[in-house]
Amino acid sequence: MTSHKIIRLRPKEGRRARAGAPWVFSNEIQMDTTAKGLTPGTIVNVACDDGQPLGTGYFNPKSLIAIRMLDQAPDTIIGTGFFVRRLERASAIRAALYAKPFYRLVHAEGDGLPGLTIDRFDDSLVAQVTTAGMERLIEPLIAALAKTAAPANIILRNDTPSRALEGLDNYVRAAKGAAERIALEENGVRYFADVAGGQKTGWYYDQRDNRAFMAALAKGKSVLDAYSYSGGFGIAAAKNGAREVICLDSSHAALALGEEAAAANGVACKFVKADVFEELERLASAKEVFDIVIADPPPFVRAKKDLEPGAKAYRKLARLAAAIVAPNGYLLLASCSHNISAERFAGECAAGISRANRRGALIRHAGAGPDHPVHPLLPETAYLKTLVYALD
Ligand code: SAH
């Protein structure tokens, strides 16, 4: 019988972990010399001060989130069998939701696998590992993926900046096969993603439902898709009968994939490489307007300390974007920063719209789709906020 090393909570600490939350912070545990000496990522049993077991997790003495829980039972063997159980559950949920094999297969804590996201593009899987604990488990993870999904390609996109917080180096490699530019399908639209060199895993599945919502409004309309990446919103709108679509982004590579995708769908979209703030100001002074303006920017609040400047940037974006919406048009504003709350973001958007001298109503407030499940005790990990306004 295995027995993991035990990490104890300090007296009266770990209220959230006792209630079933999957995180324990470093100030909540008894950080003695044994604990401090454990290799980052060691599998441990977690126990309350009185010895009552809380379960199995992995531990990083160097991280603020010192423990991420993997299982409610102590002494759980974290090997291929564990991953097979978690992956089968995650797969079953997606299979019930989607007819085609294009979705986020694993969304970290939401799927009981902290430190891991996996996006599925048919027989190619693109994984991102963000913690020392998950890094040490890559071998059983790959074995479990081979058993449950039998993918042709598994790409490890382990190049996210957050890995540095866990003391990890960045790298990209194929654990199986090889893949770069791949095709995907979403809402009946064909797109292309570069899973080896594109942003994140190559595609942002989180906006799928919001893309469908905007596409439904777009028939016969002119659409500006700002921060378009490879055309997620814009091409869906064009395919649904938009009269004119302009996609704006600063990444040449992302726009090039968008151009290919527009052609593959038989629709005309214009792809423009520009800085969004500059271009919105230029369009306003040229008195150009669009029936639908979409602004889905990169995170403006990357860290807690960026909250005030980031909030101001969201307000400015809302003001500039609202200013070029045609009368009775629609405006989508999104934030993927988990460091700004939904309330604050909505407040900045409202302030920006009003500064542009526009009135209107919020007709949708949404987040990521159901392939991005949220652990119920970690509501703060629901990072995406997507607001849609109908402006007068
Ligand atoms: N809306 C996209 C996702 C956007 S991600 C989708 O549905 O898939 C944010 C995008 O903003 C990235 O493609 C990035 O290249 C782009 N970007 C970042 N800074 C920018 C800037 N200053 N001007 C224009 N685009 C920018």
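Scroll up to find the structure.
Residues numbered from 1 in each chain as written. Predicted model: local features only at pLDDT ≥ 70, side-chain atom pairs only at ≥ 80, totals over all residues. Heavy atoms only, no water.

Quick look at the site of the ligand
Filter applied, for reference: Definition of nearness: a residue and a molecule or strand are near each other if at least one heavy atom of the residue lies within 4 Å of the molecule or strand. Any pair of N or O atoms that falls within 3.5 Å is considered a polar contact. Within protein, one atom must be able to donate a hydrogen and the other to accept it, and sequence-neighbouring residues count only if both atoms are side-chain atoms. Where accessible areas are quoted, they stem from the Shrake-Rupley method and a 1.4 Å probe; at the residue level, only the protein chains shown are allowed to cover.
In the region of the ligand, 16 residues are neighbours, and R211, Y227, D249, D275 and D296 sit closest. Contact distances for the ligand include 2.6 Å between an oxygen atom and a side-chain N or O atom of D249. Here the ligand has 580 Å² of accessible area as a free molecule, and 88% of this is covered by the chains.

A closer look at the sheet that holds strand β16 (residues 290–295)
So the rule is basically this: Strands are treated as partners if at least two bridges between them are detected by DSSP. A run of H or I in DSSP counts as a helix once it spans at least four residues, and a run of E counts as a strand once it spans at least two, with each numbered from the N terminus. To obtain each axis, a line is fitted to C-alpha atoms, and for helices this fit is confined to the stretch in contact; angles are then taken between N-to-C directions over 0 to 180 degrees. When checking whether two residues touch, look at their non-hydrogen atoms; a contact exists if any pair is within 4.5 Å.
Pairing is mixed in the open sheet, where seven strands are placed in the order β15-β14-β13-β16-β17-β19-β18. Two strands bound the open sheet, and with one partner strand each, they are β15 (270–273) and β18 (360–366). Here the strands of the sheet are splayed against their neighbours by 15 degrees on average, with no regard to which way each runs. Alignment of strand β13 (residues 222–226) against β16, held across four bridges, turns out to be parallel. Paired with L224 across the strands is V293, a residue of β16. In the packing of helix α9 (residues 276–285) onto the sheet, the strands contacted are β13, β14 (244–249) and β16, and the crossing angle to β13 comes to about 150 degrees. Relative to strand β19 (residues 385–391), helix α11 (residues 342–355) is tilted by about 30 degrees, and along the sheet it contacts β17 (325–335) and β19.

Observations regarding the packing of α9 against helix α10 (residues 307–323)
Geometry of a packed helix pair, given as the angle between the helix axes and the separation of the axes. The criterion, for reference: In this scheme, roughly parallel covers angles under 35 degrees and roughly antiparallel covers those over 145, while 65 to 115 is roughly perpendicular and the rest are oblique. Should the near helix be turned anticlockwise from the far one by less than a right angle, the crossing is left-handed, and should it be turned clockwise, the crossing is right-handed. Amino acid classes used here: Ala, Val, Leu, Ile, Met, Phe, Trp, Tyr, Cys and Pro are nonpolar; Asp, Glu, Lys and Arg are charged; the rest, including Gly, are polar.
It is the contact of α9 with α10, at a shortest axis distance of 9 Å, that shows an interaxial angle of 30 degrees. The orientation of α9 relative to α10 falls into the category roughly parallel. Of the two possible hands of crossing, α9 and α10 adopt the one that is left-handed. Contacts from V276, F277, L280 and E281 in α9 reach A313, K316, L317, L320 and A321 in α10. Partitioning the contact of α9 with α10 into residue classes produces seven nonpolar, no polar and two charged.

Remarks on empty space enclosed by the protein
Selection rule: Using a grid of 1 Å spacing that covers the protein atoms alone, one calls a set of points a cavity when a 1.4 Å probe fits there but cannot get out, and a pocket when the set is open and has protein on both sides within 12 Å along at least five of seven lines; lining residues are those with an atom within 4 Å of a point. Grid points are joined across faces, edges and corners, and a volume is the space filled by probe spheres set on the points.
Within the structure shown, the criterion is met by one cavity of 30 Å³ or more. By volume, the largest cavity amounts to about 30 Å³. Residue lining of the largest cavity: A295, P297, Y314, L317, A318, L333, A334, F345 and C349, and that is the complete set. Listing elements by their share of the lining of the largest cavity, those giving two or more residues are α10, β17 and α11. At three residues, the largest contribution of residues to the lining of the largest cavity is made by α10.

Quick word on helix α7 (residues 232–239)
We count it as follows: Relative accessibility decides the category of a residue: with a 1.4 Å probe and only protein chains considered, values under 20% of the type maximum give buried, values over 50% give exposed, and everything between is partly exposed.
With seven of eight residues buried, α7 is to be regarded as a mostly interior element. G241, located one to two residues past α7, shows a positive phi value of around 100 degrees.

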